[in-house]
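Survey of secondary and tertiary structure
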Amino acid sequence: MKEYIGIREDIQKFVFDEIVPKYAGFDPAHKEDHALTVIEQAMLLMDRMSAWRAAQNEETASNWQEVPEREMLFIAAACHDLGLVNGRERHHLDSGIIIRNDPRLRQWFTEEDIETIAQAAEDHRASGKSAPRSIYGKIVAEADRVIDGETIIRRTIQFGFTHYPSLDREAHIKRAVEHLREKYGRGGYLKLWIPWSDNATRLNALQEMIADDSAVYREIVRIYDLLQGEA
């Protein structure tokens, strides 16, 4: 397991031994690898923040004065999807409840810190109508939106396999196309919050593919057949 500079050893042990394994019980799109990816991306976005601010004009940089505390961000990223234990619909809110009610966090963080961490989990969901309340929520939300076309399509199909097992091949493909357009297409509900992330460029490329009926269908079929071969 990767070691993170600036994160106390006991906090890392808590996350990797007790938090990340909980994702093993979630749907295929939210397994342990998802938790580890969001942690990695969140810490990378934090590390890039100072350099981005230094390259901006004073007015733009002044909009990003809040600097996250490293260990709080680490925990927020690790715990953001714990609410999936109760199902997907309210998972972001349930994640916040779980964080607030975990007594182990109080050995490292104040009540105010824990509330900020909980809010970051609550605010990460892509379908949220409002901007995250803090830099923690913005970074976790952005880290959760790693824009990689193949990964997104794979997760979309896997979600369909888990939640709509009675659908046939064409119905799964149709559902995947509709979801991709609703969430990631131009005018979709996905929002990006971090201007120094690489996600904007990747999202533009994905949107071009989604807008092409033949291209999006071919890619979904390709990945669907790969997943069926792996089953």
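First, a word on what this report is: a plain description of the structure on this page. (Residues numbered from 1 in each chain as written. Predicted model: local features only at pLDDT ≥ 70, side-chain atom pairs only at ≥ 80, totals over all residues. Heavy atoms only, no water.)

Overview of the overall build of the protein
- On a plain count of helices and strands, the protein comes out with 11 helices and zero strands.
- Each helix (α) and strand (β) of the protein, taken in turn from the N terminus, gives the series α-α-α-α-α-α-α-α-α-α-α.
- Each principal axis of the C-alpha distribution contributes one length, and for the protein these read about 50 × 45 × 30 Å.
- In the protein, buried positions account for 48% of the 231 residues.
- A fraction of 65% describes how many contacts in the protein between residues 6 or more apart in sequence connect residues 24 or more apart.
- Total accessible area computed for the protein in this model is approximately 11600 Å², and 49% of it derives from carbon and sulfur atoms. (Helix = DSSP H or I, 4+ residues; strand = E, 2+ residues; numbered from the N terminus. Buried < 20%, exposed > 50% of the residue type's maximum accessible area, 1.4 Å probe, protein only. Contact = heavy atoms within 4.5 Å. Areas by Shrake-Rupley, 256 points an atom, 1.4 Å probe, with all protein chains shown as cover.)

A word on helix 5 (residues 91–100)
- For helix 5, the full list of buried residues reads His91, His92, Asp94, Ser95, Gly96 and Ile99.
- Residues of helix 5 that are buried in the fold lie against helix 4 (70–79) and helix 6 (111–122).

Notes on the packing of helix 4 against helix 7 (residues 135–144)
- With their axes 10 Å apart at the nearest point, helix 4 and helix 7 run at an angle of 45° to one another. Comparing their axes, helix 7 and helix 4 come out oblique. Helix-helix and strand crossings are classified by hand; for helix 4 and helix 7 the assignment is right-handed. Taking contact as the criterion, the partners of Met72, Leu73, Ala76 and Ala77 in helix 4 are, on helix 7, Tyr136, Ile139 and Val140.
- The residue makeup of the contact of helix 4 with helix 7, split by class, is seven nonpolar, no polar and no charged. (Axes fitted to C-alpha atoms, helices over the stretch in contact; angles between N-to-C directions. Parallel < 35°, antiparallel > 145°, perpendicular 65-115°, else oblique. Left-handed = near helix turned anticlockwise from the far one by under 90°. Nonpolar A, V, L, I, M, F, W, Y, C, P; charged D, E, K, R; others polar.)

Observations regarding the packing of helix 1 (residues 9–19) against helix 4
- In the contact formed by helix 1 and helix 4, the axes pass within 11 Å of each other and the chain directions differ by 0°. In terms of axis orientation, helix 1 runs roughly parallel to helix 4. From helix 1, Ile11, Gln12, Phe14, Val15, Phe16 and Ile19 reach across to helix 4, where they touch Glu71, Phe74, Ile75, Ala78 and Cys79.

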